Amino acid sequence: MNATVIIIFLFIVLMTLVITYYAAKRTNSASDFYTAGGGLTGWQNGMAIAGDYLSAASFLGIAGSIALFGFDGFLFSIGYLVAYLVVLFVVAEPLRNLGKYTLADMINARFNAKKVRGAAALSSITIVIFYMIAQLVGAGALIQLLFGIEYIWAVLLVGIMMTIYVLFGGMTATSWVQIIKAVLLMVGTVILSFLVLKNFNFNIFEMFTQMKTATPHGEAYLQPGVRYEIPLDTISLMLALVLGTAGLPHILMRFFTVRDAKTARSSVMWATWIVGIFYVMTIFLGFGAAAFVGADLITSTNPAGNMAAPLLAQALGGDILMSFISAVAFATILAVVAGLVLSGASAFAHDIYGQIIKKGKATERQQMLAARYASVGVAVFSIILAIFAQSLNVAFLVSLAFCIAASANLPVIVYTIFWKKFNTTGAISAILTGLISALVLVSVSPSVISPEAGAAIFTGNPLFPLTNPAIVSIPLGFIGGFVGTLLSKEVNAKQFAEVKVRANTGGFKQL
Amino acid sequence: MARTAEELALEKAAQREQASKNPQDRGGPLHVPDFEEIERSESFKDLMKKKKQFLIPTTILFLGLYLLFNVVISYTNWLDAPFVGDIPWVWVFAFGLFAMTWILVTVYMKRAAKFDQMAEETLKEFGYEDKEDIR
């Protein structure tokens, strides 16, 4: 670690702590804690969504994958971006109009049943835990590489920082950490892209021509199929990505930080532009790393290719740029895990404690205390899991989180808003069928059981052939909701009328 | 035990009645809105119709194109051929999906402004003019 890294690193830590200090003064109620008082503007929330969404896996992971696998490394980005159309068209506005702090609030605008809330909270918590372990284990390994700190200390460092932001500054601090991270990430990526393009004489055609011969894959580098060879597996994964984003608790939670559906909508617009432009630039980063760093050096530093972007910065901009890019990666990690802690805490403290145990009658003080205890609880639990999961291959956990979000959360959201006959039994069975089928199928998939010793947790023949079960579990979630609804005689046309009117007009918010 | 929908509805109605007796407690309107009446109104039906006319075809379009792209690149080599110079078609279509996302978002923003206007008129028709007051 050199002096520049330490200075930039300390500067980011200090800046985020100053934000947390000011945010803490403005965090006096449960609404402040969960939603920053609901006062963010469209562009602020759009940047925060981008900051929440673009994890280190996106920044370092995708740049590295493109460097090593060409087009196949870029493929995920298409799913990650198109997913925002589902968010915009189906979820964002009804969620803002019907909910208060969590996804369960929105579904319970129609059902007002504890069991539905419990099931929704359970699926949110499951998604958050998987996503969080993946982020923390990834973060530990990355910080170990970037700054030369031991794994356990790296996880603790990230864990303590995220806990401080959330515990004291709630959503206000988390949002601003995410906004600043989005700005830093864009600045870093623009600088790197500019340097790469300069080396290709600002000529895209020349870039592609050079890439054709620059890697060991030759011409295949620019074509699909280098990395993903099982067609159905690729399609299943891409389905999870495009439908899962609209069910991720930490992304959904961001829509409660704005005042109305109109602002929620414009925040998705901002996020789409930022996220999309970022993904386009990762192509330059990946190509640049493959051409100017080389696959050998990238894989010898880290087999997964995670160091491609920092190494590229080193090659084109020297130590200072590398230090800056490393610090940006650190800020990226912090912003994502803070958002995750907050959404996990809201499911525990608001849904389970506040609404189910206290039946919505908790005082403001009790709500605040519960929110803070839950934040610390979620943080400590995930830190401990992450420390023990160090040797686990966690890459599949993120795609699993998307898969559960698409299978357990999306069907119930769609039915609640659009289906008149949908009822309490249907809601519970939609969530549980999606959640359980995704979990069971993954636990017997090649990600968990592999014939190759040491490649997965267990050695043996997988009972389910696909690494991502989305193509089966998403339809199961929808079928579960449908069958559950038909099995019960309950009708709630009146509540549906209310939900429909409120979701589509934005009136009668807290009724 | 799970309560039946009727019980739930009764409970909610009772809560609302209670609330409407003490409007100052909630800062809300004096009477409880009849959502089914609003749902049946011509202006609300029109809003839903316009929304569906936009959202259903566009959702089928973008999900369809997205899946088609994934099926084509997974099962065929059609897009491996060069488009211009050494850029294969697959990159052109990938960027096409990016452009599609941005275009649909932009178009939706324009449409949604109209939906907002229609929603506001529906609310006005039923005497709920200032959304912020109805809490």
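Computed from a predicted structure; not experimentally measured. (Residues numbered from 1 in each chain as written. Chains lettered and ligands numbered in written order. Predicted model: local features only at pLDDT ≥ 70, side-chain atom pairs only at ≥ 80, totals over all residues.)

**Brief notes about the overall build of chain A**
Basically, it comes down to this: A helix here means a DSSP run of H or I that spans at least four residues, while a strand means a run of E at least two residues long, and both kinds are numbered starting from the N terminus. Only C-alpha atoms enter the radius of gyration; for comparison, a globular chain is expected to reach 2.2 Å times N to the power 0.38, where N is the number of residues. In this scheme the burial state of a residue depends on its C-beta neighbours within 10 Å: 20 or more other such atoms mean buried, 12 or fewer mean exposed, and anything in between means partly exposed; the C-beta positions come from the backbone. We call two residues in contact when their backbone-placed C-beta atoms lie within 7 Å.
Assigned secondary structure in chain A consists of 19 helices and 2 strands. A globule of 511 residues ought to have a C-alpha radius of gyration of about 24 Å, and chain A, at 22 Å, matches this closely. Here the C-alpha coordinates of chain A stretch approximately 65 × 50 × 40 Å along the principal axes. The 511 residues of chain A split such that 64% are buried. Sequence separation of 24 or more characterises 80% of the internal contacts of chain A that already satisfy a separation of 6 or more.

**Quick look at the overall build of chain B**
The helix and strand tally for chain B stands at 5 helices and 2 strands. Across chain B, the fraction of contacts at a sequence separation of at least 24, relative to all contacts at a separation of at least 6, is 57%.

**Quick word on the interface of chain A and chain B**
Worth spelling out the cut-off: The classification used treats Ala, Val, Leu, Ile, Met, Phe, Trp, Tyr, Cys and Pro as nonpolar, Asp, Glu, Lys and Arg as charged, and all other residues, Gly among them, as polar.
If you look at the interface, chain A gives 48 residues, while chain B gives 48 residues. For the side of chain A that touches chain B, the elements supplying multiple residues, two or more each, are α5 (71–98), α9 (204–214), α10 (231–244), α12 (261–293) and α19 (493–505) of chain A. Top element by residues in the side of chain A that touches chain B is α5(A). It accounts for 9 residues. Class assignment of the residues belonging to the side of chain A that touches chain B gives a composition of 25 nonpolar, 14 polar and 9 charged.

**Brief notes about the confidence of the model for chain B**
All names here are of chain B. Condition: Per-residue confidence from the predictor is given as pLDDT, running between 0 and 100.
When pLDDT is averaged across chain B, the result is 81; 71% of the residues are at 70 or more. Per-element confidence in chain B ranges from a low mean pLDDT of 42 for helix α2 (residues 23–26) to a high of 96 for helix α4 (residues 42–75). Note on residues 131–135: pLDDT under 50 across the span, and 14 contacts to partners over four residues away in sequence or across chains. Taken over the whole predicted complex, pTM reads 0.91, whereas the ipTM for its chain interfaces reads 0.94.

**Quick notes on unusual backbone geometry**
Keep in mind that most residues, glycine aside, have a negative phi and that most peptide bonds are trans. Residues and elements named next belong to chain A. Phi is positive for Ala 36, which is not a glycine, with a value near 55°. For Ala 36, the location among the structural elements is in the loop between α2 (30–35) and α3 (42–53). For Phe 202, which is not glycine, the phi torsion reads 55° and is therefore positive. Note on placement: Phe 202 falls in the loop between α8 (151–199) and α9. With 10 C-beta atoms counted inside 10 Å, the residue Phe 202 sits in the exposed group.

**Remarks on the nonpolar core**
Residue and element names in this part refer to chain A. We count it as follows: Among buried residues, those of type Ala, Val, Leu, Ile, Met, Phe, Trp, Tyr and Cys that are joined through C-beta atoms within 7 Å form a set called a nonpolar core.
With 220 residues, the main nonpolar core has Val 158, Ala 289, Ala 309, Leu 312, Leu 334 and Val 337 as its most contacted residues. Per-element tally for this core: the top contributor is helix α14 (residues 308–357), with 31 residues. Every residue in contact with Ala 289, bar those within four places of it in the chain, is listed here: Ala 63, Ala 67, Ile 298, Ala 308, Ala 309, Leu 311 and Leu 312.

**Topic: the packing of helix α1 (residues 3–25) of chain A against α14(A)**
All names here are of chain A. Spelled out, the test is: Fitted lines through C-alpha atoms serve as axes, helices being fitted only where they are in contact, and the angles separating the N-to-C directions of these axes extend from 0 to 180 degrees. Roughly parallel means an angle under 35 degrees; roughly antiparallel means over 145; roughly perpendicular covers 65 to 115; every other angle is labelled oblique. Take the far helix as your reference; a near helix turned counterclockwise from it by less than a right angle gives a left-handed crossing, and one turned clockwise gives a right-handed crossing.
Look at α1 against α14: their axes get within 9 Å of each other, and the N-to-C directions meet at 30°. The pairing of α1 with α14 is recorded here as roughly parallel in orientation. Relative to α14, α1 is oriented so that their crossing is right-handed. Here Thr 4, Val 5, Ile 8, Phe 9, Ile 12 and Thr 16 of α1 lie close against α14, whose contacting residues are Asp 319, Ile 320, Ser 323, Phe 324, Ser 326, Ala 327, Phe 330, Ala 331 and Leu 334. Looking at the contact of α1 with α14 residue by residue, the class counts come to 10 nonpolar, 4 polar and 1 charged.

**Section: α14(A)**
All names here are of chain A. Quick note on the threshold: What a helix is expected to span follows from its residue count: subtract one and scale by 1.5 Å. Note on bend: at a given residue it equals the angle between the axes fitted to the 7 residues ending there and to the 7 starting there.
Helix length check: α14, at 50 residues, gives a terminal C-alpha distance of 49 Å against a target of 74 Å (1.5 Å per residue), a shortfall beyond 12%. For α14, the principal kink sits at Gly 317 and spans about 145°. Of all 50 residues making up α14, 43 are buried, and the element is well covered by its neighbours. Immediately downstream of α14, the backbone of Lys 359 shows phi near 55°, a positive value.

**Quick notes on α1(A)**
Between its first and last C-alpha, α1(A) extends 33 Å over 23 residues, near the 33 Å set by a 1.5 Å rise per residue. Restricting attention to buried positions, one finds in α1(A) the residues A:Val5, A:Ile12, A:Thr16, A:Ile19, A:Thr20 and A:Ala23.

**Points about the packing of α14(A) against helix α15 (residues 364–388) of chain A**
Residues and elements named next belong to chain A. Taken N-terminus to C-terminus, the directions of α14 and α15 make an angle of 130°; their axes are 8 Å apart at the nearest point. It follows from the interaxial angle that α14 and α15 lie oblique. The chirality of how α14 crosses α15 is right-handed. Residues Val 341, Leu 342, Gly 344, Ala 345, Phe 348, Ala 349, Tyr 353 and Gly 354 of α14 form the contact with α15, whose own contacting residues are Gln 367, Ala 370, Ala 371, Ala 374, Ser 375, Gly 377, Val 378 and Ala 379. Here the contact of α14 with α15 is composed, by residue class, of 11 nonpolar, 5 polar and no charged.

**Focus: the environment of B:Asp86**
Examined against the element boundaries, B:Asp86 turns out to sit in the loop between β1 (82–84) and β2 (87–88). Separated by 16 residues in the primary sequence, B:Asp86 and B:Asn70 place their C-alpha atoms 22 Å from one another. Those residues in contact with B:Asp86, other than ones at most four positions away along the chain, are A:Phe208, A:Thr209 and A:Lys212.

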